[in-house]
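# A closer look at the structure
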Amino acid sequence: MKIATFNVNSVKARLQNVLNWFEQANPDVACLQEIKCESKSFPALEFESLGYYCAVSGQKTYNGVALLSKNKITDVRIGLPGDDSDEQARYIEGVISTKTGAVRVASIYAPNGNPADSQKFPYKLKWMDRLIAHTKTLLTHEEVLVLAGDYNVIPTTDDVWDATVWENDALFKIESRRKLRELVNLGLTDAFRACNAKAHQYTFWDYQAGAWQKDYGIRIDHLLLSPQAADRLKTCVIDKHMRAQDKPSDHVPIWCELQV
């Protein structure tokens, strides 16, 4: 099973690019972030024509996540528990049945947190706390679980082109990295790092200052696997070539393959 995550930075603005990638990459499951449209406006028909079922949690203009699968999606959860007042569309999970059992997959768009001296940063950290708490519950089920998405956290200095440039950014501040480590330390595996130890492999390049051309990137899109999923991990790949497309997202897809 090929499971991908892709922050598309507006699914409507980049629809043809995204559809082309789906046809080329042929994922079994895809987690999309920053779809930037309400659920009712998501271009479901275009994805259904390629053979995908769609589960969507959107909002107007900002955020938005989606879960697409070649098999039916059941047990859909929208939003993280822990704050009923939070209306930002940042989390969706569902269960996909396979011949060898069920796979639970979540599409995650964690808060950016910038400016770090604003209320956006405490919101980011509290949101991560809610993700950690929910993940603890999910892990008790001992399922094949994939938490995929844009975490907006750079894990280590190996995952950024220049750590000194990013040291005061919310994506790299020590508080953010500690939250990601706390999540991983529940027993999760970073699929990419399990398959590739080479430093300076990125999933995001800013649109400004020639970041793509200079390879000034960061790795903030992650596939985190439960022990049951990690046992089935075959490979994990960043589709870097997508950043060179016309009108690209500033993120590129990353996918893993599980033997299920």
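These numbers come from a predicted model, not from an experiment.

## Re the sheet that holds strand 7 (residues 101–109)
Strand pairing within a sheet occurs via backbone hydrogen bonds; the two strands may be parallel or antiparallel. Strand order in this open sheet of six strands is 5-6-7-8-12-9, and the pairing throughout is mixed. A strand with exactly one partner marks an edge of an open sheet, and here the two such strands are strand 5 (73–78) and strand 9 (189–190). Looking at chain direction, strand 5 and strand 6 (residues 91–98) are connected through four bridges and run antiparallel. Across the sheet, residue threonine 74 finds its bridge partner in strand 6, namely valine 95. Relative to the sheet, helix 3 (residues 120–139) contacts strand 5, strand 6, strand 7 and strand 8 (144–150), its axis offset from that of strand 6 by approximately 25 degrees.

## Some details on the pairing of strand 1 (residues 2–7)
Most of strand 1 sits out of view: six of its six residues are buried. Going residue by residue along strand 1, you find Lys2, Ala4 and Phe6 tucked away on one face and Ile3, Thr5 and Asn7 tucked away on the opposite face as well. By the bridge criterion, four bridges tie strand 1 to strand 14 (residues 254–258) in an arrangement that is antiparallel. In the sheet register, isoleucine 3 faces strand 14, and the bridge partner there is cysteine 256. Pairing analysis gives five bridges linking strand 1 to strand 2 (residues 29–33), with the strands arranged parallel. Counterpart to alanine 4 in the pairing with strand 2 is alanine 30. For the crossover from strand 1 across helix 1 (residues 15–25) to strand 2, the handedness is right-handed.

## Some details on the nonpolar core
Of all hydrophobic cores here, the largest spans 52 residues; its most connected members are Leu32, Phe42 and Phe47. When residues of this core are assigned to their parent elements, the largest contribution, six residues, is made by helix 1. Once residues within four sequence positions are removed from consideration, phenylalanine 47 is found in contact with Val11, Leu15, Val18, Leu19, Phe22, Leu32, Phe42, Tyr52, Cys54 and Leu68. With 19 residues, the next largest nonpolar core counts Ala110, Trp127, Leu138 and Tyr151 among its residues.

Quick notes on the rules
- Residues numbered from 1 in each chain as written.
- Predicted model: local features only at pLDDT ≥ 70, side-chain atom pairs only at ≥ 80, totals over all residues.
- Heavy atoms only, no water.
- Pairing = 2+ DSSP bridges.
- Helix = DSSP H or I, 4+ residues; strand = E, 2+ residues; numbered from the N terminus.
- Contact = heavy atoms within 4.5 Å.
- Axes fitted to C-alpha atoms, helices over the stretch in contact; angles between N-to-C directions.
- Buried < 20%, exposed > 50% of the residue type's maximum accessible area, 1.4 Å probe, protein only.
- Right-handed = clockwise from strand over helix to strand, strands pointing away.
- Core = buried A, V, L, I, M, F, W, Y, C linked by side-chain atoms within 4.5 Å.

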